[in-house]
Every structure is written in C-alpha cells, then in structure tokens.
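A look at the structure
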Amino acid sequence: MAHMNPTPVLDPSQDQTMVLNMGPQHPSTHGVLRLLLEVDGETIVRIMPDIGFLHTGIEKTCEAKFYQQVVPMTDRIDYLCPMTNNLAYCLAVEKLLGLEIPPRGQWLRVLLNELTRINSHLVWLGTHAMDIGAMTVFLYCFREREDVLRLFEAVSGQRMMTSYFRIGGVSMEPPLGWFDRTKKFLTRFPSNIDEYENLLTNNPIFVNRLKGVAYISAEDAIALCATGPTLRASGVDVDLRRDLPYTGYENFKFNVPVSKVGDVYARYMVRVAELRESQKICMQALEGMPEGPSKADAPKVVLPDREKMKTQMEALIYHFKIVTEGFTVPEGEVYMPIESPRGEMGYYVVSDGTAKPYRVHMRSPSFANLQSLRTMCEGRLIADVVAAIGSIDIVLGDCDR
Amino acid sequence: MALQPAITDLEQLKDRPEVTALLALNAAAVTGAKFDRNELTIWVDRIAVRNACQELRSNPGLQYTSLADLTCVDWYPREPRFEVVYHLFSVPNKRYLRLKVRLSGADANIDSLTPLWPGANFFEREVFDLFGVRFDGHPNLVRIMMPENWEGHPLRKDYPVEGYR
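What you see is a predicted model, and the numbers here were worked out from it, not measured in a lab. Residue indices begin from 1 for each chain and proceed along its sequence in written order. Here chains are named by letter from A upward and ligands by number from 1 upward, in the order in which they appear as written. Two thresholds apply to this predicted model, a pLDDT of at least 70 for residue-level local features and 80 or more for giving and counting side-chain atom pairs, whereas whole-chain, interface and lining totals are computed over all residues.

What about the confidence of the model for chain B?
What counts here: Confidence per residue, as judged by the predictor, is encoded in pLDDT with a range of 0 to 100. Only runs of H or I of at least four residues qualify as helices and only runs of E of at least two qualify as strands under DSSP, and these elements are numbered from the N terminus.
Residue-level pLDDT values for chain B average 87, and 98% of them are 70 or greater. No element of chain B has a lower mean pLDDT than helix 1 (residues 17–25) of chain B, which averages 83, and none a higher one than strand 4 (residues 82–90) of chain B, which averages 92.

In structure tokens form, the structure reads like this:
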C-alpha cells in the first residue's frame with residue numbers, strides 16, 4: 001500500500017472535485033497502471049499516473065551479470081516486443097566492441113524486428129479496439145498474432161521471451177521451411193489488415209469515440225519527451241529507422257506515416273499504416289536475404305556452433321571461456337537509440353573494461369510517453385481517458401523495468 | 001568497424017558546433033569533452049546545466065529541441081561520485097549529444113530541467129528515487145519506482161544486489 005500516494009499534488013482544501021482511483025487492476029489500463037483522476041462531475045481536472053508496481057530492478061540486476069547474460073533480461077522489459085529490446089542491447093554492446101555483423105545477420109534482424117513490430121501493433125490494435133467496445137477486432141488480431149508467435153517459436157524455441165538476437169548476430173539459423181512459412185503469412189497479412197480496417201476505420205461508433213479526442217500538439221509532444229507513433233501522429237516526422245539507420249535499415253524502402261491531426265484517431269491511422277509498412281519491409285527482407293554466415297567472426301565473443309564445439313579444441317576452449325568468464329568489453333559508453341513499436345528505445349551502456357557492464361540504462365518509450373497523458377486528458381471526459389491510454393500504447397513492464 | 005581511439009582533448013574538439021556554442025556561452029563552465037565511438041560528450045559544471053541546455057535548444061545552428069534521456073551513473077568510491085547524463089536529440093538535424101555533470105556524493109544537488117522540458121519530470125524522479133540525486137526546482141520530487149517508505153537508493157554502487165542492505 002506504500003504506493004497509495006495521492007498526497008503530493010492534490011489540494012484537499014477544495015471540495016468541488018472528487019478524486020477517483022483507476023487501476024492498478026483496471027482492465028483498460030493495459031497492465032498495472034494506476035491513475036488518480038481528480039474529477040469535476042464527468043470532467044477531468046487533473047490526472048496523476050502512479051507507476052512502479054512492476055519495478056523489478058532490472059538495471060541493477062544487469063550490473064551483476066555478464067554481457068551475454070543480460071540479453072534474456074531485456075526480453076522481459078517490454079514483453080510485447082522482445083526482439084526490439086534484444087536488438088537495442090546487442091547493438092549497444094557491439095558498438096562498444098566495434099563488432100561488425102555480416103549482412104545475413106543484419107537482414108535476419110530486420111526481418112524479425114519488423115515481425116515483432118507487427119506482433120506488438122496487433123496486440124495494441126486488439127486491446128485498443130476492445131477498450132472502445134469492438135470485441136471482434138480483438139479476436140481477429142490475436143488470430144494473426146498467434147501466427148507471428150508460432151514463427152518466433154520456430155526460430156527461437158520461445159513464443160514470447162525469444163532472446164534470439166545475441167551479441168555478434170543471431171543465436172542460430174532459422175529452421176528449414178521457416179522462410180516459406182513467413183512468406184505465406186506475410187502474403188496473406190495485407191488482407192487481414194483490410195479486414196480490421198473494414199471493421200474500424202469508417203465505423204461511426206469507433207470514429208466518434210476517437211476523432212478530436214486527447215489532442216496533443218507537436219510542441220507539447222516534443223516538450224513532454226513523447227516519441228514514436230505518439231509523436232508522429234502530431235506531425236513530427238522522426239523515425240530512427242530512416243533518420244539514423246541501424247542494422248542495415250538503409251537498404252530498405254519504406255514510408256514513415258505521419259499525421260498532422262494529433263488526436264487518438266490520428267494515432268490509430270499512423271499505427272495501422274505502420275503495420276502495412278512493416279509488412280513491406282519484411283517482404284523486402286525475405287526477397288533479398290543474403291547468403292553467408294549469420295554470426296560475426298569473433299570467437300572470443302560469439303559462442304561457437306555446436307558442431308565445431310564437438311570437433312575442434314579451440315572452439316571448445318572459447319565456449320568454456322565465454323560461458324564461465326564472459327568476455328571483456330573495452331572501456332567506454334554508448335547510447336544506442338532504436339525505433340521500437342512504441343517509440344525511442346535507447347540503451348545506455350557503460351563499460352569499465354570488465355566482463356560485466358558497469359551500468360545499463362534503458363530509456364523506455366512507455367515511461368516517457370506516459371507523461372503526455374496529462375496534457376491529453378485534462379478538461380476532457382472520463383471515458384476519453386481509456387481511449388487516450390490505448391492510443392499511447394504503453395506496456396507497464398517497459399515503463400517500470 | 002575497428003575502434004578508433006577516443007579524442008578526449010577539449011582543444012581538438014573546439015571546432016564542433018556544440019562545443020563552440022557552449023564555450024561562447026560560458027567557457028569556464030565547460031570542463032571537458034570527448035569524442036568516442038561517433039558520440040560526442042561534453043562535461044559542464046552543475047551551475048551551468050540549465051543555461052547550457054537552453055543555449056543548445058535555442059541556438060539556430062544546433063536546435064537540440066528534445067530531451068531524449070536523463071540518467072545517472074554512480075562511480076563510488078571515486079569522488080565526485082555521481083555523473084548525471086543527459087542525452088539531447090535535435091529533431092531537425094537528427095543528431096544526439098551527451099551532456100554530463102559531475103556531482104559529489106555529499107552535495108548531490110542539481111538544477112531541474114523541468115522548466116525547459118516538462119518531460120524531464122519522470123526521468124528526474126527516477127534518478128532521485130534510484131540514486132538519491134536531488135533536482136532543485138522540480139515540481140514533485142518523490143519516489144516513482146520504489147515504495148514510498150523505502151530506505152536507500154538501489155542503483156547506488158554501495159547498495160548490494162542481493163542479501164541484506
């Protein structure tokens with residue numbers, strides 16, 4: 001109950017308003033977000049998010065692990081886009097090491113990162129629509145999400161906590177027939193998006209609940225550190241995949257959907273357009289997938305293949321060394337920002353030259369985006385809060401870490 | 001992509017527009033600079049941090065309009081032990097810049113950036129909660145991650161990862 005902390009901002013002297021508690025068990029707060037709403041009738045006077053219920057001290061734990069042991073921790077931060085977190089961390093450590101990833105490794109990363117974006121946006125679309133009252137879309141979205149999760153399971157052995165990207169490449173080659181399965185899914189997927197859009201985009205109930213609701217201007221969004229689709233729906237054209245390309249995104253052609261409207265409906269349109277763009281990037285990755293190794297040639301950092309380990313003495317020694325002692329990383333610090341489905345996911349990794357990171361900080365998009373909720377909701381109705389929370393697409397695991 | 005040696009000499013980095021702008025603003029407040037792994041870091045004095053950010057944001061050639069990240073590193077037992085790390089992002093130029101401020105453990109106070117970026121609110125609360133660094137002028141400096149009645153600041157290096165505190 002220590003979290004029950006309404007004191008700092010509320011003014012008890014005025015009795016015009018009422019304080020309403022929402023969450024942390026409320027179904028439409030997308031996790032354990034607690035909101036304190038100060039309401040005047042149905043109108044919101046003030047809104048105070050209370051977070052920290054899922055805080056597990058991941059940043060502290062990382063300091064006690066070897067560099068390669070941190071990868072599984074990153075999955076658990078934002079559990080809807082595990083691969084994006086893996087990618088950001090691996091890129092940060094690779095930048096510290098000065099390690100180059102072969103083209104096939106990079107293209108596999110792009111392909112799986114975009115599948116992760118599809119996965120994450122599908123969960124967002126389903127739950128957001130369900131908050132507004134459209135139950136069917138939820139079932140459709142989870143049907144397609146299941147297909148994506150099966151692809152993840154085939155490639156990494158896990159549906160959600162994949163840990164597929166490792167420092168120096170990916171953990172292993174995808175199994176036989178995996179690319180065909182992916183292609184089959186991706187060929188079908190645009191018609192699925194049409195299906196969702198048929199149910200929502202012109203649906204008068206949906207549109208009336210969303211249009212003009214929870215407006216935020218471009219200036220406010222930047223000042224409040226909002227990123228990702230929340231920022232792009234307010235007319236700021238920033239996408240780190242295009243502006244500061246990483247892991248080979250410069251080889252792909254895609255549009256960055258931007259809307260100038262800044263309301264919930266604009267954020268909905270931007271994300272649905274992103275689904276289509278992600279599908280295009282995946283198709284390009286499948287068509288142009290280069291041959292060759294998917295891991296960097298760095299025996300001191302990358303675990304050897306199983307076959308080599310059983311036949312070559314050196315490989316066995318390196319394997320033993322990496323697993324028992326880790327590998328050292330040159331001193332320095334790196335901030336690696338990438339575009340996660342929710343916005344800018346940045347990993348700040350400080351190395352002191354040992355085998356364990358001195359400090360790992362995750363700049364999580366949900367944490368920063370949540371701050372714009374206040375600007376979006378004040379002066380509006382209680383029912384709009386649900387639409388606003390859905391539209392900034394927070395994941396509380398990401399928020400609290 | 002072999003690693004290039006880091007440039008840590010302020011003299012060599014004087015021509016970078018970010019360094020030039022801050023030196024022109026207050027040369028005594030810029031205590032160091034580093035260019036490593038394609039990332040520019042500038043150390044500034046703690047009294048100058050708000051002015052430095054204001055300058056970086058409003059300078060027409062730089063336009064670091066957005067605060068990307070704010071965190072802290074604890075170098076215990078070395079003094080000054082805390083390093084508050086700001087990552088600024090220029091939306092028009094698509095560039096990042098790292099600003100750092102060193103703070104001693106006995107007097108870990110720094111000006112809040114909330115007047116410039118209201119979005120610094122949560123980040124500063126997080127640093128206060130997990131490191132115990134105080135931000136002067138913050139509208140609501142209370143714990144954000146840990147429970148209200150928690151003792152200690154978990155991300156400090158003298159706080160154990162497991163076992164008893």
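So, unusual backbone geometry
The linkage connecting B:Tyr76 with the following residue, B:Pro77, adopts the cis geometry, with an omega of 5°. Along the chain, the position of B:Pro77 falls in the loop between strand 3 (66–74) and strand 4. Of note, the amide linkage connecting B:Glu79 to B:Pro80 takes the cis form, showing an omega dihedral of -5°. Within the element layout of this structure, B:Pro80 appears in the loop between strand 3 and strand 4. A positive phi angle is found at A:Asp393, which is not glycine, with a value near 55°.

A short note on the packing of helix 4 (residues 103–132) of chain A against helix 11 (residues 264–287) of chain A
Residue and element names in this part refer to chain A. Defined as follows: All axes here are fitted lines through C-alpha atoms, helices being fitted over the stretch that makes contact, and every angle between N-to-C directions spans 0 to 180 degrees. These descriptions rest on fixed angle ranges, namely under 35 degrees for roughly parallel, over 145 for roughly antiparallel, 65 to 115 for roughly perpendicular, and the rest for oblique. Two helices that cross are described as forming a left-handed crossing if the nearer one is turned anticlockwise from the farther one by less than a right angle, and a right-handed crossing if clockwise. Residues are defined as contacting one another if the C-beta atoms placed from their backbone atoms lie within 7 Å. When residues are grouped by polarity, Ala, Val, Leu, Ile, Met, Phe, Trp, Tyr, Cys and Pro land in nonpolar, Asp, Glu, Lys and Arg in charged, and all others, Gly among them, in polar.
Where helix 4 contacts helix 11, the axes come no closer than 9 Å and their chain directions differ by 155°. Accordingly, the angle class assigned to the pair helix 4 and helix 11 is roughly antiparallel. Along this stretch, helix 4 crosses helix 11, giving a crossing that reads as left-handed. Residues Trp107, Val110, Leu111, Glu114, Leu115, Arg117, Ile118, His121 and Trp124 of helix 4 form the contact with helix 11, whose own contacting residues are Arg271, Glu274, Leu275, Ser278, Gln279, Ile281, Cys282, Ala285 and Leu286. A per-class count over the contact of helix 4 with helix 11 returns 11 nonpolar, three polar and four charged.

Some details on the interface of chain A and chain B
Counting residues at the interface gives 41 residues for chain A and 36 residues for chain B. Counting residues per element, the ones that place at least two in the side of chain A that touches chain B are helix 1 (58–62), helix 8 (218–223), strand 6 (332–340), strand 7 (343–351), strand 8 (359–363) and helix 14 (365–369) of chain A.

Digging into the pairing of strand 8 of chain A
Residues and elements named next belong to chain A. Formally: Here a residue counts as buried when 20 or more other C-beta atoms fall within 10 Å of its C-beta, as exposed when 12 or fewer do, and as partly exposed in between; the C-beta atoms come from the backbone. Should DSSP find at least two bridges between two strands, the strands are taken to pair.
In terms of burial, strand 8 is a largely internal element, five of the five residues being buried. Pairing between strand 7 and strand 8: five bridges, direction antiparallel. Opposite Gly346, over in strand 8, you have Arg363 as the bridge partner.

A closer look at the sheet that holds strand 5 (residues 95–103) of chain B
Adjacent strands of a sheet pair through backbone hydrogen bonds, lying either parallel or antiparallel. Residues and elements named next belong to chain B. Across the sheet, five strands lie side by side as 1-2-5-4-3; this open sheet has mixed pairing. This sheet does not close on itself; its edge strands, each paired only once, are strand 1 (30–36) and strand 3. Within this sheet the neighbouring strands show an average axis-to-axis angle of 20°, counted without direction. Examined bridge by bridge, strand 4 and strand 5 share nine bridges and lie antiparallel to one another. Counterpart to Ser90 in the pairing with strand 5 is Arg95. Contacts from helix 2 (residues 49–58) reach strand 2 (39–44), strand 4 and strand 5 within the one sheet, and its direction differs from that of strand 5 by about 170°. Taken strand by strand, helix 3 (residues 120–131) contacts strand 3 and strand 4, and its axis lies near 5° from that of strand 3.

Some points on the environment of A:Ala134
Inspection of the secondary structure puts A:Ala134 in the loop between helix 4 and helix 5 (135–156). For the pair A:Ala134 and A:Ile205, spaced 71 residues apart in sequence, the C-alpha separation works out to 9.3 Å.

So, the pairing of strand 3 of chain B
Residue and element names in this part refer to chain B. The buried fraction of strand 3 amounts to eight of the nine residues, a majority that puts the element mostly inside the structure. As defined by bridge partners, strand 3 adjoins strand 4 across eight bridges and the pair is classed as antiparallel. When the sheet's bridge partners are listed, Thr71 is paired in strand 4 with Val85.

As for the packing of helix 11 of chain A against helix 16 (residues 382–392) of chain A
Residue and element names in this part refer to chain A. It is the contact of helix 11 with helix 16, at a shortest axis distance of 9 Å, that shows an interaxial angle of 30°. One element, helix 11, and the other, helix 16, form an angle in the roughly parallel class. Considering only the axes of helix 11 and helix 16, their crossing is left-handed. Contacts between helix 11 and helix 16 involve Val264, Arg267 and Tyr268 from the former and Ala387, Ala388 and Ser391 from the latter.

Focus on the nonpolar core
Stated precisely, the cut-off is as follows: Buried Ala, Val, Leu, Ile, Met, Phe, Trp, Tyr and Cys residues form a nonpolar core when they are connected through C-beta atoms within 7 Å.
Within the largest apolar cluster, 158 residues are counted, with the highest numbers of intra-cluster contacts made by A:Ala92, A:Val93, A:Ala388, B:Val84 and B:Val133. Here the element with the most residues in this core is helix 4 of chain A; it accounts for 13 residues.

Describing the environment of A:Gly105
Inspection of the secondary structure assignment puts A:Gly105 in helix 4. Setting aside residues up to four positions removed in sequence, A:Gly105 forms contacts with A:Gly169, A:Val170, A:Ser294 and A:Lys295.

Considering the sheet that holds strand 7 of chain A
Residues and elements named next belong to chain A. Spatially, three strands are ordered 6-7-8 in an open sheet, and the strand pairing comes out antiparallel. With partners counted over all chains shown, the strands left at the sheet margins are strand 6 and strand 8, one partner each. Averaged over neighbouring strand pairs, the angle between their axes works out to 10° when direction is ignored.

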